[in-house]
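Geometric and topological summary
One-letter residues, chain by chain:
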Amino acid sequence: MMAEFTKVSHVLLESNGIYFIECPGCKNLHPLHVGQQHKIRWDFDGNLEKPTFSPSLMVNASHSHQCHSFIRNGQIQFLSDCHHALAGQTVDLPEVEEL
């Protein structure tokens, strides 16, 4: 059964204590666990429209689709070890689609 996703702002979906951003480099959703029920979780500043999460987000580490970024003030800063075209760039978080 699919979890229920709620669009909580232009740039965030939420489900069960997990926020999701649309990654313009990978062209898919990346999860950030913030709820107390999750063992590993990110700090979130509570700003739904221009979110900041810390620490950095590493997706698919040591994989051909590796993506490493900081999400700060509604922007996603891609680090140079990303394996996609936006590596080294900072861009605004794109609008998320309702699921």
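Okay, so let's go over this structure.

The next thing to look at is the sheet that holds strand S1 (residues 6-7). The strands making up a sheet associate through backbone hydrogen bonding, with each pair oriented either parallel or antiparallel. Reading across the sheet, the four strands line up as S1-S2-S3-S4 and stay open at both edges, with antiparallel pairing between neighbours. Bordering the open sheet on either side are S1 and strand S4 (28-33), each of which pairs with just one other strand. Of the strand pairs in this sheet, strand S3 (residues 18-23) and S4 are connected by six bridges, and their pairing is antiparallel. Bridged to Ile18 within S4 is His33.

What follows is about the nonpolar core. Counting 18 residues, the largest nonpolar core has Ile21, Leu32, Phe53, Ile71 and Phe78 as the members making the most contacts within it. For this core, the secondary structure elements donating two or more residues are S3, strand S6 (53-59), strand S7 (67-72) and strand S8 (75-78). Among residues more than four places away in sequence, those in contact with Phe78 are Cys23, Pro24, Gly25, Cys67, His68, Ser69, His84, Leu86, Ala87, Gly88, Gln89 and Val91. Formed by five residues, the second largest nonpolar core is a distinct cluster that contains Phe5, Leu13, Phe20 and Val96.

Our next topic: the sheet that holds S7. One open sheet accounts for five strands, arranged S5-S6-S7-S8-S9; its pairing is antiparallel. In this open sheet, the two edge strands, each paired with only one partner strand, are strand S5 (43-44) and strand S9 (90-92). Of the pairings in the sheet, the one linking S8 to S9 comprises three bridges and is antiparallel in character. Opposite Ile76, over in S9, you have Val91 as the bridge partner.

This part takes up the packing of aromatic side chains. Here the structure, examined in full by the defined rule, presents four aromatic pairs. Measuring from centroid to centroid gives 6.1 Å for Tyr19 and Phe53, while their planes differ by 55 degrees, and the two rings are tilted. Remark: Phe53 occurs in strand S6 and Tyr19 occurs in strand S3; sequence separation between them is 34 residues. Residue Tyr19 is classed as buried on the basis of its relative accessible area, which comes to 15%. Phe53 gets classed as buried once you look at its relative accessible area, which sits at 2%. One aromatic cluster is present, formed by Tyr19, Phe44 and Phe53 through successive ring pairs. A cation sits over an aromatic face here: Arg72 above Phe70, 4.1 Å from the ring centre.

Basis of the calculations
- Residues numbered from 1 in each chain as written.
- Predicted model: local features only at pLDDT ≥ 70, side-chain atom pairs only at ≥ 80, totals over all residues.
- Heavy atoms only, no water.
- Pairing = 2+ DSSP bridges.
- Helix = DSSP H or I, 4+ residues; strand = E, 2+ residues; numbered from the N terminus.
- Core = buried A, V, L, I, M, F, W, Y, C linked by side-chain atoms within 4.5 Å.
- Buried < 20%, exposed > 50% of the residue type's maximum accessible area, 1.4 Å probe, protein only.
- Contact = heavy atoms within 4.5 Å.
- Phe/Tyr/Trp six-rings, centres within 6.5 Å; stacked < 30°, edge-to-face > 60°.
- Lys NZ or Arg CZ within 6 Å of the ring centre and 35° of its normal.

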